[in-house]
Amino acid sequence: MRVESPPQRRCSGTELRAAEVPCHAWPVRMIQGSVDEPDGLKSVGPSALWIRGWAYDPEDPVVRVEVRLGDHHMGPAGLGRPRPDVAAALGDPEAGLAGFELHCLVPAGMTRGDVKLRVAVLLLDGTRVYLRPRALRLQPSPAPPAPLADESLPTWRQRRIHRPLRVLWSVHGLGRGGSQLRISEVIGHLSRSRHSQTVLSPDDGPLRDALAAAGAEVRIAPRIPLDDPAAYERSVADLCGWIEDRFDVVVATTASFPAVDAAARLGVPSILRVGESAPLPTVVAWVFGELDPQVERRARFAVKNASLVVTNSAEAVRIYRSQGWEGRYLILPTGIDVREADDARRTLHRAACRLRLGVGAGERLLVCAGTLWPVKGQATLVRAIDLVRRQGLLVSSALVGDADPEYERAISAYVAQRGLNETVRIIPFRDDLRWWWRAADAAVCPSETEGFPAAVVEAMAHGLPVLGTRVGAIPDLVVPGVTGWLCQPSDLRSLAEALFAMAVTPAETLRAMGAAAAGAARPYDRALALDRMADLVRQTAHGALPGWARLLVQGEPAAAPPRWGGRLRRPWSRSAGTATQGPEPGIRP
């Protein structure tokens, strides 16, 4: 699907005029929108800020929003944010998805003081509209702080533990998001060895029953404040008192880094599991809110002093390294049940699955599995499907997963207003998606950021080509024209064009792409991934490193991954900051 673009236009306030031809050559046109945050009334920064607003044109869809801070391009803002206030004010339910937002880190070299915030809105016809610029005052960077009292810690030592391990898992919630589900799998895997496991969370959720069934003790405790340094220190001191002498190893997710900070202060081995390809302050902002600069220092301390930082994508390591987050990084891709996928492809008849789920004969069904959450991009997907269907193509989607209530309401209102009730289905979380995978023609992952999405690999293992955004590990998994299609994140036009390409691909080509996708997914077996993560937890508790571990050294990964197998162990050196591995027959450079 190609769209011809008229000459570029500019907007002063909300009035649109031609920029490249005399102003009288184009009629005046109005677009509605504004930057709501920051409001320009108080200084912002010094390290990060939220940019939020809305833009809406009833005639021409907004396809992209670009943000500049001074001379720095901060990137595209996320689209499709719920704005029920805008929908009510305009009397138009479609405007309920007119919001945009971007959490950006202020460039370290940016001049402090007055700076202009400019937001450009791109419409489907190629029009570029500039919302009214906003003058901001950036707070000056704080003076270099004194060294942390506990920055110099003793070297980790190997130790022998002749009993079942006592493992503390610290998570940011008990929802069924990707990180929590992966941790639940590892807990179940470790429970076979009768290790004692405790899960610490600030919020309860639907995952609690599964964790309890796996033998884990679940504790709900108040969230540690991340926007108040004094309150943070008091809370971490209490956490230290609780962890000491109770646990042999601590494992925490990204936003739960305070548990790793506490473990490092106590000399308890720890693992920080990073499941997103976004900076830690951005992840914290998504989950909890702003991160105070002094608390960010503690986060950097935690990353640097964790026994290991385990992530599922090289992109996450690149982002952390580029922003000066020192640490011992290990890349461990997510695994899926390859055998189950093979069985489903062999035993479940595609036509029967489509009939059971009510999928039309000539319909191209896309399955999007994941939490309905603005960062996952489902609103942009729904709008892209609407555009493609206007071209006369029968494309439908199933959005499967737990949902953020406000986001689900906004999508549902848009679907009803556009008459897409038979086209877009919102389905609650399902443990078993085999029927949906077999009924689908392709899978889609429209996320604005990802690490190594398990849903993408699972769909590929079930023989589906994947349409995904160029974020995280998705470009490593999806080869355009071979195993799927790629598009730009936070870009409605790019996503719609990729959907159009999928919709017009012949059925036999889709089948060939699906077969190639199934082959590409075979190395990512869940049993192997769980064995390795469980091995990491056990050996980290003993102060050792599994010999198979692929460590990121000096910011560069090994030239090739080591082969599977082998459990030789070597101690690591705290002072060197990298893994110390002697020659081992199971490791290949």
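Residues numbered from 1 in each chain as written. Predicted model: local features only at pLDDT ≥ 70, side-chain atom pairs only at ≥ 80, totals over all residues. Heavy atoms only, no water.

> Honestly, the packing of aromatic side chains in this entry has me stumped. Any pointers?
How two aromatic rings sit relative to each other is given by the distance of their centres and the angle of their planes. Under the definition given, this model contains 6 aromatic pairs. Centroid distance Phe452 to Tyr524: 5.1 Å. Interplanar angle 55°. Geometry classified as tilted. Of this pair, Phe452 sits in the loop between strand E23 (442-445) and helix H14 (454-461) while Tyr524 is found in the loop between helix H17 (507-521) and helix H18 (526-541), placing the two residues 72 residues apart along the sequence. Of the aromatic side chains, those joined through ring pairs into one cluster are Tyr320, Trp325 and Tyr329. For Arg52, the ring lying beneath its charged end belongs to Trp50, and the centroid distance is 4.0 Å. A cation sits over an aromatic face here: Arg356 above Trp435, 3.7 Å from the ring centre. (Phe/Tyr/Trp six-rings, centres within 6.5 Å; stacked < 30°, edge-to-face > 60°. Helix = DSSP H or I, 4+ residues; strand = E, 2+ residues; numbered from the N terminus. Lys NZ or Arg CZ within 6 Å of the ring centre and 35° of its normal.)

> Explanation requested: the packing of helix H11 (residues 378-389) against helix H16 (residues 492-503) in the structure shown.
The packing of two helices is summarised by the inter-axis angle and the distance between the axes. In the contact formed by H11 and H16, the axes pass within 9 Å of each other and the chain directions differ by 55°. Taken together, the axis directions place H11 and H16 in an arrangement best described as oblique. Two packed elements cross with a definite hand, and for H11 against H16 that hand is right-handed. Judged by residue contacts, Thr380, Leu381, Arg383, Ala384, Ile385, Leu387 and Val388 of H11 engage Leu492, Leu495, Ala496, Leu499 and Phe500 from H16. Class assignment for the residues of the contact of H11 with H16 results in 10 nonpolar, 1 polar and 1 charged. (Axes fitted to C-alpha atoms, helices over the stretch in contact; angles between N-to-C directions. Parallel < 35°, antiparallel > 145°, perpendicular 65-115°, else oblique. Left-handed = near helix turned anticlockwise from the far one by under 90°. Contact = heavy atoms within 4.5 Å. Nonpolar A, V, L, I, M, F, W, Y, C, P; charged D, E, K, R; others polar.)

> Where do I start with the nonpolar core in this structure?
Buried together is how nonpolar side chains tend to be arranged in soluble globular proteins. Counting 38 residues, the largest nonpolar core has Leu381, Val382, Val395, Leu467, Trp485 and Leu499 as its most contacted members. Mapped by element, the contributors of at least two residues to this core are strand E20 (364-369), H11, strand E21 (395-400), helix H12 (405-417), E23, strand E25 (484-487), H16 and H17. Other than its neighbours up to four places away in sequence, Val395 contacts Arg364, Leu366, Ile385, Val388, Arg389, Thr423, Met502 and Ala503. (Core = buried A, V, L, I, M, F, W, Y, C linked by side-chain atoms within 4.5 Å. Buried < 20%, exposed > 50% of the residue type's maximum accessible area, 1.4 Å probe, protein only.)

> Please explain the pattern of salt bridges as it appears in this structure.
It is possible for side chains bearing opposite charge to pair when their charged atoms get close. Scanning the model with the defined rule gives 33 salt bridges in all. Its salt-bridge partner being Arg182, residue Glu185 comes within 3.2 Å of it at the nearest N-O pair. Here Arg182 and Glu185 lie together in helix H2 (residues 178-190), a separation of 3 residues that amounts to about one turn. Taking the relative accessible area as the measure of exposure, Glu185 reaches 21% and is therefore partly exposed. With its nearest N and O atoms 4.0 Å apart, the salt bridge here joins Glu326 to Lys304. Placement of Glu326 in the loop between helix H8 (314-322) and strand E19 (329-331) and of Lys304 in helix H7 (residues 293-305) is noted, with a sequence separation of 22 residues between them. Judged by relative accessible area, which is 47%, Glu326 ranks as partly exposed. The partly exposed category is assigned to Lys304, whose relative accessible area is 43%. The structure contains a network of salt bridges with shared partners spanning Glu37, Arg52, Arg81, Glu101 and Glu448. (Salt bridge = Lys/Arg side-chain N within 4 Å of Asp/Glu carboxyl O.)

> Whenever I open this one, the sheet that holds E23 confuses me. Can you help?
Backbone hydrogen bonds are what pair the strands of a sheet, in a parallel or an antiparallel way. The parallel open sheet is built from 6 strands, whose spatial order is E22-E21-E20-E23-E24-E25. Every other strand in the sheet has two partners, leaving strand E22 (424-427) and E25 as the edge strands with one partner each. With direction set aside, neighbouring strand axes in the sheet form an average angle of 20°. Bridge count for E20 against E23 is 2 bridges, and the pairing is parallel. Within E23, the position partnered with Val367 by the bridge is Ala443. The sheet strands contacting H11 are E20, E21, E22 and E23, and the helix crosses E21 at an angle near 165°. (Pairing = 2+ DSSP bridges.)

> Sorry if this is basic, but what is going on with empty space enclosed by the protein here?
If a probe the size of a water molecule is rolled over the atoms, the empty space left behind becomes visible. The tally for this structure, following the rule as stated, stands at 3 cavities of 30 Å³ or more. Taken together, 16 residues form the lining of the largest cavity, with Arg182, Arg273, Leu332, Pro333 and Thr334 sitting closest to its centre. If you list the elements that add at least two residues to the lining of the largest cavity, you get H2, strand E18 (308-311) and H18. Class assignment for the residues of the lining of the largest cavity results in 8 nonpolar, 4 polar and 4 charged. Taken together, Gly377, Thr380, Pro446, Glu448, Thr469, Cys487, Gln488, Pro489, Ser490, Asp491 and Leu495 form the lining of the second largest cavity. For the lining of the second largest cavity, the residue count by class is 4 nonpolar, 5 polar and 2 charged. (1 Å grid on protein atoms, 1.4 Å probe; cavity = no way out; pocket = protein on both sides within 12 Å on 5 of 7 lines; lining within 4 Å. Points joined across faces, edges and corners; volume = space filled by probe spheres on them.)

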